[in-house]
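This is what each chain is made of:
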Amino acid sequence: MDRPDLTGRTALVTGSAKGLGSDCIEALASAGADVVVHYHTSEEEATALADALSAQFGVSSLAVGADVTEPDEVDALFSTIEAERGPVDLLVNNVGRFAPEDWETMDWDVWKNVLETNFNATCLCSKRALQTMRDAEYGRIVNIGYAGAEKGLVNPTNFPYFVAKTGVLMFTRMLAADTQHEGITVNAVSPYVIENSDAFPDTLPRGRAATTEDVIDPILFFMGGPEYISGENVEVDGGWLPESV
């Protein structure tokens, strides 16, 4: 799809040093946005990517580390961005651990981390971003969900992930309603299986996993889209019609 013109905007994608997040932040840079590459442990990859995006697209770039499940670190992350690049206009809440293990044998720390990285981090980063978005009467937030979450589908494997992603979609709708008079949109993009996923089912819709570009296209639409489209969820699943997961 055609890239929107995001020149003059500052974009933050959480967990953007690698994987889907890195492709997403690259796409936003290609659309002209100044970009922030967020990392938790992948500092070397984040710094290299930020430098590469600046060189390739001529945008301002910055790599900033934080544990986005901790309120104080989230505040420090945004404060650093605001001091060095100005307020965040575009936020993609991409961070989220995937742990394909049975719920009963899953280590409790893993269980908590799946919930915290997928749900709590989305809420914390959105809450902090809104401090400046409300003042500017402009903002675009996209949360990463999971296909099937709207239907409440669950499985004994990776159960807390499904719970968290259902919460992300509920949060998306709530926040869209809460910001409807402030020039801010909040939407979700929910992939099924992506080409770089950690686990694959025996069969896939259309015979393949989604490419990262398949997922990024609706993100870009929401980032450059009209303010009347808010509270929506686009499932990027190739027409998958699940009865179970």
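In this text, all values refer to a predicted model and were calculated from it rather than measured experimentally.

Trainee: Help me out: how do you make sense of the packing of helix α3 (residues 71–85) against helix α4 (residues 108–136) in this one?
Mentor: For any two helices packed against each other, the geometry comes down to the angle between their axes and how far apart the axes lie. It is the contact of α3 with α4, at a shortest axis distance of 10 Å, that shows an interaxial angle of 40°. Crossing handedness for the pair α3 and α4: right-handed. Of the residues in α4, those in contact with Pro-71, Val-74, Asp-75, Phe-78, Ser-79 and Glu-82 of α3 are Leu-124, Cys-125, Arg-128, Ala-129 and Thr-132. When grouped by side-chain class, the residues that make up the contact of α3 with α4 number 6 nonpolar, 2 polar and 3 charged.

Trainee: What am I meant to see in the environment of Asp-75 here?
Mentor: If you trace the backbone, Asp-75 turns up in helix α3. A distance of 2.8 Å separates the side chain of Asp-75 from the side chain of Arg-128, its partner in a polar contact.

Trainee: How do you make sense of the nonpolar core when you look at a structure like this?
Mentor: What tends to happen in soluble globular proteins is that the nonpolar side chains get buried as a cluster. Of all hydrophobic cores here, the largest spans 35 residues; its most connected members are Ile-25, Leu-28, Val-92, Val-189, Val-215, Ile-219 and Met-223. Elements with a minimum of two residues in this core: β1 (10–13), α1 (19–30), β2 (34–39), α2 (43–57), β4 (90–93), β5 (139–144) and α6 (212–224). Among all residues touching Val-189, those that are not within four sequence positions of it are Val-142, Asn-143, Ile-144, Gly-145, Val-215, Pro-218, Ile-219, Phe-222, Asn-233, Val-234 and Val-236. Counting residues in each nonpolar core, the second largest holds 25 residues, with Leu-77, Phe-78, Leu-91 and Val-186 among its members.

Calculation notes
Residues numbered from 1 in each chain as written. Predicted model: local features only at pLDDT ≥ 70, side-chain atom pairs only at ≥ 80, totals over all residues. Heavy atoms only, no water. Axes fitted to C-alpha atoms, helices over the stretch in contact; angles between N-to-C directions. Helix = DSSP H or I, 4+ residues; strand = E, 2+ residues; numbered from the N terminus. Left-handed = near helix turned anticlockwise from the far one by under 90°. Contact = heavy atoms within 4.5 Å. Nonpolar A, V, L, I, M, F, W, Y, C, P; charged D, E, K, R; others polar. Polar contact = N/O pair within 3.5 Å; in protein donor to acceptor, adjacent residues only side chain to side chain. Core = buried A, V, L, I, M, F, W, Y, C linked by side-chain atoms within 4.5 Å. Buried < 20%, exposed > 50% of the residue type's maximum accessible area, 1.4 Å probe, protein only.

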